[in-house]
Amino acid sequence: MADKGRKPLRLDRFLVEMGKGSRKEIREMAQKGRIRVNGEVEKKSDRKIDPSADQVEIDREPVEYAATEYFMLNKPQGVVSATEDSRYQTVIDLIDGAVRRDLFPVGRLDLDTEGLLLITNDGALAHRLLSPKKHVDKVYLAHVKGRLPENAVKRMEDGIDMEDGWKTLPAVLKIIESVSTPSEEGIPVTKVTLTIQEGKFHQVKRMFEALGCQVIYLKRLSMGPLKLDDKLLPGEYRRLTEEEIECLKNT
């Protein structure tokens, strides 16, 4: 994916960004004649190239360039929203079709939460989407155990006073239906959607706890204009379309 107008880049930095090795390894490749630029062997790994115009090869295999990449992931339960973790598989581990090696998740979903997660290396876009000042809507589907108070919708609209002293921004609660017959304990379970504009630690779960209920299933459906593709099963992903990227950048 060419990036028109990209400033000249050192050859070794280009190849490091594309995940082809460390600078030392790239230098050794160049010295051994394994790297070509526009069909010619290039032994100087510090030379400048134009990623949008120059064709780089390693062992005669073209190296595709992408300045930025954007993936929509349907995050499954049991996978952590991080770039690396010593205990759990990460969301980055699931993205095996990426060109770049500096991808990260935009925001976090709890370990047991499913749904939409944007994976990218576009730091500026991530900052805009996560900034509290932007008030970007995030819509969640939740199964809530316990009897919701009659004024639950109003209390969410007014903002919930949390135990640690902060008050949530106004949220939109929509009650959909009973998920199933009441549990063995006689406790009802209700399917709802909740739209919030923040993303603090365990926020959705804590908001319902403040209403005397427990979230037993949680899935993010959308973030701003980006909606989860219903064709993606948990653990599956796809690249964003140009239209989706443009909509996000205009958020």
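Residues numbered from 1 in each chain as written. Predicted model: local features only at pLDDT ≥ 70, side-chain atom pairs only at ≥ 80, totals over all residues. Heavy atoms only, no water.

Undergrad: Please clarify how the pairing of strand β10 (residues 138-145) should be interpreted in this entry.
TA: Two faces make up the sheet, and in a regular strand the side chains alternate between them. When you tally the buried positions in β10, you get seven out of eight residues, the bulk of the element. Of the pairings in the sheet, the one linking β10 to strand β12 (residues 189-196) comprises eight bridges and is antiparallel in character. By the bridge assignment for β12, Lys 145 is matched with Val 189. Where β10 meets strand β13 (residues 214-223), eight bridges bridge the pair, whose relative direction is antiparallel. Across the sheet, residue Val 144 finds its bridge partner in β13, namely Val 215. (Buried < 20%, exposed > 50% of the residue type's maximum accessible area, 1.4 Å probe, protein only. Helix = DSSP H or I, 4+ residues; strand = E, 2+ residues; numbered from the N terminus. Pairing = 2+ DSSP bridges.)

Undergrad: Hey, could you run me through helix α6 (residues 242-249) in this one?
TA: Every α-helix carries 3.6 residues per turn, so stepping three or four residues along brings you back to the same face. The set of residues buried in α6 consists of Glu 244, Ile 245 and Leu 248. Here the buried residues of α6 occupy an arc of 100° about the axis, which is enough to place them on one side. Among the exposed residues of α6, those pointing more than 90 degrees away from its buried face are Glu 242 and Glu 243. If you follow the buried residues of α6, they end up packed against β7 (70-75), β9 (114-120), α3 (123-130), β13, β14 (226-227) and β15 (237-239). (Arc of directions from axis to C-beta. Contact = heavy atoms within 4.5 Å.)

Undergrad: So what exactly am I meant to see when it comes to the nonpolar core here?
TA: Membership of the largest hydrophobic core comes to 33 residues, with the highest contact counts inside it found for Ile 119, Leu 148, Met 156, Leu 194, Met 207 and Phe 208. At the level of elements, β7, β9, β10, α4 (152-158), β12, α5 (203-209) and β13 are the ones that each hand at least two residues to this core. Other than its neighbours up to four places away in sequence, Met 156 contacts Leu 169, Pro 170, Ala 171, Leu 173, Leu 194, Met 207, Phe 208 and Leu 211. Listed in part, the 18 residues of the second largest apolar core include Met 29, Ile 35, Val 63 and Tyr 65. (Core = buried A, V, L, I, M, F, W, Y, C linked by side-chain atoms within 4.5 Å.)

Undergrad: Honestly, the packing of aromatic side chains in this entry has me stumped. Any pointers?
TA: What characterises a pair of aromatic rings is the spacing of the ring centres plus the angle enclosed by the ring planes. Within the structure shown, the criterion is met by two aromatic pairs. Where Phe 71 meets Tyr 237, the ring centres are 5.7 Å apart and the plane angle is 75°; that geometry is what we call edge-to-face. Taken together, the residues span a long stretch of sequence, with Phe 71 in strand β7 and Tyr 237 in strand β15 at a distance of 166 residues. For Tyr 237, a relative accessible area of 23% translates into the label partly exposed. (Phe/Tyr/Trp six-rings, centres within 6.5 Å; stacked < 30°, edge-to-face > 60°.)

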